[in-house]
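Chain and residue survey
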Amino acid sequence: MKGKVIQIAMVLLMMALMIGCSREQDKTQKLSDLKFTVLDKQQLPDELHSLVEEKKAEAFKLTFIDGDDLYICAGYGKQPTGGYSISITELYETENAVYVHTNLLGPAPGEGIQKSPSYPYIVVKLKKTDKNVVFE
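Our subject in this report is the structure included herewith. (Residues numbered from 1 in each chain as written. Predicted model: local features only at pLDDT ≥ 70, side-chain atom pairs only at ≥ 80, totals over all residues. Heavy atoms only, no water.)

Tallying secondary structure elements over the protein chain gives two helices and eight strands in all. Counting all 136 residues of the protein chain, 26% fall into the buried class. The contacts in the protein chain between residues at least 6 apart in sequence include a share of 69% that link residues at least 24 apart. Split by element, the accessible area of the protein chain, about 9,400 Å² in all, is 54% carbon and sulfur. (Helix = DSSP H or I, 4+ residues; strand = E, 2+ residues; numbered from the N terminus. Buried < 20%, exposed > 50% of the residue type's maximum accessible area, 1.4 Å probe, protein only. Contact = heavy atoms within 4.5 Å. Areas by Shrake-Rupley, 256 points an atom, 1.4 Å probe, with all protein chains shown as cover.)

Here is the structure:
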């Protein structure tokens, strides 16, 4: 009898854990892609431009809010030559957060590459949200 009670308790515990895990997965499930605009450095608010210039020598990820706008920034630090760029592969929201995936792209073969170092970064602008931003 004691063994059956332990088995039932174990089954109930495992079921509770599985339900908890499935609920957590729902919170990270993609709800929708977000619309955004990629900005040139001339389009950045002055304070954000200063922050990016200060951080661009090292890899960085930051967010900045200005009025009703959210700016998401990602930089890959100093690169040996010019010709590098960054793409946004995904930008979407879940129940609890905004997820952003970026990718560093190297110079294209045969492209006229500047021999001086470069500091690639990307800044995107979207509507302000209270959700946390998660960089992946």
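Moving on from the coordinates now.
Tallying each qualifying case throughout the model produces three aromatic pairs. Taking the centre distance of 5.4 Å and the plane angle of 10 degrees together, the rings of tyrosine 92 and tyrosine 99 count as stacked. A relative accessible area of 12% means that tyrosine 99 is categorised as buried. (Phe/Tyr/Trp six-rings, centres within 6.5 Å; stacked < 30°, edge-to-face > 60°.)

Close approach of charged atoms lets side chains of opposite charge pair. Applying the stated rule across the entire model yields five salt bridges. In this structure, aspartate 33 engages lysine 30 in a salt bridge whose closest nitrogen and oxygen atoms are separated by 2.9 Å. The exposure class of aspartate 33 is exposed, given its relative accessible area of 53%. Lysine 125 is the partner of aspartate 69 in a salt bridge, and the nearest nitrogen-oxygen pair spans 3.8 Å. Here lysine 125 lies in strand 7 (residues 121–127) and aspartate 69 lies in strand 4 (residues 69–76), a separation of 56 residues in the sequence. Given the relative accessible area of 31%, lysine 125 is considered partly exposed. Counted as one network, the salt bridges with shared partners bring together Lys30, Asp33 and Glu90. (Salt bridge = Lys/Arg side-chain N within 4 Å of Asp/Glu carboxyl O.)

Let us now look at the pairing of strand 4. Strand 4 sits mainly inside the fold: six of its eight residues count as buried. Relative to strand 4, strand 3 (residues 59–66) is paired through eight bridges, and the arrangement is antiparallel. By the bridge assignment, lysine 61 is partnered in strand 4 with alanine 74. From the end of strand 3 to the start of strand 4, which pair antiparallel, there are two residues, and glycine 67 there has a positive phi angle of about 65 degrees. The pairing of strand 4 with strand 7 spans seven bridges and is classified as antiparallel. (Pairing = 2+ DSSP bridges.)

Take the nonpolar core next. Ranked by size, the top nonpolar core spans twelve residues in total: Leu34, Leu70, Ile72, Ala74, Ile86, Ile88, Leu91, Val98, Val100, Ile122, Val124 and Leu126. Breaking this core down by element, the ones donating at least two residues are strand 4, strand 5 (85–93), strand 6 (97–105) and strand 7. In terms of nonpolar packing, the next biggest core, distinct from the first, is built from ten residues, Leu48, Phe60, Leu62 and Cys73 among them. (Core = buried A, V, L, I, M, F, W, Y, C linked by side-chain atoms within 4.5 Å.)

The next point concerns the side chain of threonine 102. Mapped onto the secondary structure, threonine 102 falls in strand 6. Threonine 102 gets classed as buried once you look at its relative accessible area, which sits at 16%. At 2.7 Å, the side chain of threonine 102 and the side chain of tyrosine 76 are in polar contact. What threonine 102 contacts, discounting residues up to four positions off in sequence, is Ala74, Tyr76, Ile86, Ser87, Ile88, Thr89 and Glu136. (Polar contact = N/O pair within 3.5 Å; in protein donor to acceptor, adjacent residues only side chain to side chain.)

The next subject is the environment of cysteine 73. Note on placement: cysteine 73 falls in strand 4. Put simply, cysteine 73 and phenylalanine 135 are 62 residues apart on the chain and 9.8 Å apart in space, counted from C-alpha to C-alpha. When neighbours within four sequence positions are excluded, cysteine 73 is seen to be in contact with Leu48, Val52, Phe60, Lys61, Leu62, Ile122, Val123 and Phe135.

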